[in-house]
Structure formats: structure tokens, C-alpha cells
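A look at the structure
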Amino acid sequence: GKLLTSDQGLSGSNPGEEKPSKRQAWSQEILLPQHEDEVEKSKSWRLQLKDMLSSSSAPPLAASQPRARSATEEGRAAEAKESRTLETAKAEREDEEAGEVEDRRLQKFLALRRRREEDALQRRQSSNSSSSSQVASRKTVTPAGASASRHSNKKIIRNAIAHVCLVAVVEHKKRDVVLGLLDSCSSDTANFCILLVRDPNLRYRGLYSVDLLESRAQLLSGTGPKVVTVDMIREFLKYDSGTKSFRVLETRDFSSSIDGVVLHPMTYKSVKL
């Protein structure tokens, strides 16, 4: 026969067969044990191999998932925090704007009230000054008895009653009574005025004696109010002997030039006759 080489004698294979690799031999040794005592050893090797495969592949995947979840949660938390910050800043900005609007409104209100108070004070001061000037003028004009006597309107009042106010035949009796009352006044310093009513022409209502110092008139005869003050008068009139008519004077107080007055219509309703 043929001699076997050392390699062929060790491997126990035919000359034509390929020599198995070390990995294949190791696998065959583990998976295909040739002795019973090596069965347990093969099982342990398989368990170790399974543990090695599971430990090498599963943990990185399991560890990557929590890291991915934690990154997502951190991103959401950051977005929520930024959103809350923006909302807080917006609310603070709105509060500041509302406070500025309220401040402007308050300043406008205070300025308007201050301006109204100043206007009211000016009106009161002007009213007080005008009242003082009127009182001063009355005190300076009226006490001069000679001036009042020189400007007595007794004669003018008599002509107005006789030729204009009571000229109708049915009024002759009333005219004689009024003229007699006027003539009975012996003082040449007295001033008189006639109370007239427009309906639509001037119509006689009464005869008054005028107190220039007190700026009022006292009823002597007729159906008018017992006392007439300046605030009750709507028109001050002066009699013109040439035209035999009354004309309106632009004045607001009694004087020796006033011969007749016309009261406000409401005066007859509010004042007892």
C-alpha cells in the first residue's frame, strides 16, 4: 500500500478532501459533541453564546430609546418654557399699556376739572366786581339830592298819562284819579315810572314811585306788583314828548331818565298782585 502523510494521518481525511477551518471545527465541536460528558459543556457554551449575542445587540437599542425620549421631552419643555415666557412678557406689556392709558385719562380729567374751577372762579370774581361797581355807582349818583331834583320826571310822567296811556273816553275817570294822585305829591325830587304791558301795543297797568338808592319801584296806583325790582324788568322805556311814544333804552337799572318799564311775562304768574 501507499504511505500516508503526517497531515493526512492527523486529520483522518482522504487526500482529495479539503481541510476544515478553525471556525468550522470550533462550531462542530460545540454543536456536535462526540461524548456525553461534553453535552453539558456544549449547552453551557450555547447559553453563553446566546447571552453574548443578546447583550451585544439589545442593550444599545434599549439605551438609545430613553435618550431619544429624554431629548424630545427636553425640547418640549424648552418650547413650553419659552411660550410661558412670551405670554408673561405680553401680559406685562398689556398691563403697562393699560396703566399708561389710565394715567392719560386721569390727567385729562384733572386738567378739565382744574380748567372748569378756574373759569368758575373768574366768573365769580367778575360778578363780584360788577356788583361792587354797581353799588358804588348807585351810592355816588343817588345821594346827590340836587341832581335828583333837577332830573325829576314828574312833568314827563303827567304828559305821558294824559296824552298816551289813558286817552280813551272810558279811561277818563281813571286818568283823573292818577293825575290827582301825581299832583298830590308836593316833592319836586320824586321820580316816577309807569308800568306798561305789551299786548301788542303798550297798555297802562300802574303808576310807581322810584327809589334810586334801592333800585326798586313802589306801587302808587294800578294793578301791578306792589314792588318792582330790576331783575323783574324786561325793558326800560323813555317817553318822547315830541312823538308821544315810548322808546327802549339800553340800560339795566333805574335812573331819572326812566319813564316806563315792561316786566317779564312770567313775573305776573310768580308775583302776588
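Cut-offs and rules
- Residues numbered from 1 in each chain as written.
- Predicted model: local features only at pLDDT ≥ 70, side-chain atom pairs only at ≥ 80, totals over all residues.
- Heavy atoms only, no water.
- Helix = DSSP H or I, 4+ residues; strand = E, 2+ residues; numbered from the N terminus.
- Buried < 20%, exposed > 50% of the residue type's maximum accessible area, 1.4 Å probe, protein only.
- Contact = heavy atoms within 4.5 Å.
- Areas by Shrake-Rupley, 256 points an atom, 1.4 Å probe, with all protein chains shown as cover.
- Polar contact = N/O pair within 3.5 Å; in protein donor to acceptor, adjacent residues only side chain to side chain.
- Salt bridge = Lys/Arg side-chain N within 4 Å of Asp/Glu carboxyl O.
- Core = buried A, V, L, I, M, F, W, Y, C linked by side-chain atoms within 4.5 Å.
- Pairing = 2+ DSSP bridges.
- Axes fitted to C-alpha atoms, helices over the stretch in contact; angles between N-to-C directions.
- Phe/Tyr/Trp six-rings, centres within 6.5 Å; stacked < 30°, edge-to-face > 60°.

Quick notes on the overall build of the protein chain
A count of helical and extended segments in the protein chain gives seven helices and seven strands. Mapped from its N terminus to its C terminus, the protein chain presents α and β elements in the order α-α-α-α-α-α-β-β-β-β-β-β-β-α. In the protein chain, buried positions account for 20% of the 273 residues. Considering only contacts in the protein chain between residues 6 or more positions apart, those separated by 24 or more positions represent 52%. Carbon and sulfur atoms provide 54% of the accessible area of the protein chain, an area that totals close to 20,400 Å².

A closer look at unusual backbone geometry
A positive phi is found at Ser-215, a non-glycine position, where the angle reads about 55°. Relative to the elements of secondary structure, Ser-215 occurs in the loop between β2 (202-211) and β3 (216-222).

Quick look at the side chain of Asn-153
Counting through the fold element by element, Asn-153 comes out in the loop between α4 (145-150) and α5 (154-165). Of the polar contacts made by the side chain of Asn-153, one reaches the backbone oxygen of Ile-258; its length is 3.1 Å. In contact with Asn-153, other than residues within four places in its own chain, are Ala-190, Asn-191, Phe-192, Ser-256, Ile-258 and Asp-259.

Some thoughts on the pattern of salt bridges
Counted by the stated rule, this structure contains three salt bridges. Linking Arg-175 and Asp-176 is a salt bridge whose minimum nitrogen-to-oxygen distance equals 3.8 Å.

Some words on the nonpolar core
Ile-161, Ile-194, Leu-207 and Phe-246 are the most contacted members of the largest nonpolar core, which has 18 residues in total. Every element with two or more residues in this core is listed here: α5, α6 (172-183), β1 (191-198), β2 and β5 (233-240). Among the elements that line this core, the one with the most residues is α5, at four residues. Ignoring sequence-local partners within four residues, the contact set of Ile-161 consists of Leu-166, Arg-175, Val-178, Leu-179, Ile-194 and Leu-207. Core analysis: the next-biggest nonpolar cluster, separate from the first, contains 17 residues, Tyr-208, Ile-233, Phe-236 and Phe-254 among them.

Here's the deal with the sheet that holds strand β4 (residues 227-229)
On the basis of which strands lie adjacent, the open sheet formed by seven strands has the order β4-β3-β2-β1-β7-β5-β6 and mixed pairing. Bordering the open sheet on either side are β4 and β6 (245-249), each of which pairs with just one other strand. Averaged over all pairs of adjacent strands, the angle between strand axes in this sheet comes to 40°, irrespective of strand direction. The strands that α5 touches are β1, β2, β5 and β6; relative to β1, the one it contacts most, it runs at about 30°. The strands touched by α6 are β1, β2 and β3; relative to β2, the strand with the most contacts, the crossing angle is about 15°.

Description of the packing of aromatic side chains
By the definition in use, this model includes two aromatic pairs. Taken together, a centroid distance of 5.8 Å and an interplanar angle of 85° make the contact between Phe-236 and Phe-254 edge-to-face. One end of the pair, Phe-236, is in strand β5; the other, Phe-254, is in the loop between β6 and β7 (260-263), and 18 residues separate them in sequence. Under the relative-accessibility criterion, Phe-236 is labelled buried at 1%. By relative accessible area, Phe-254 is classed as buried at 8%.

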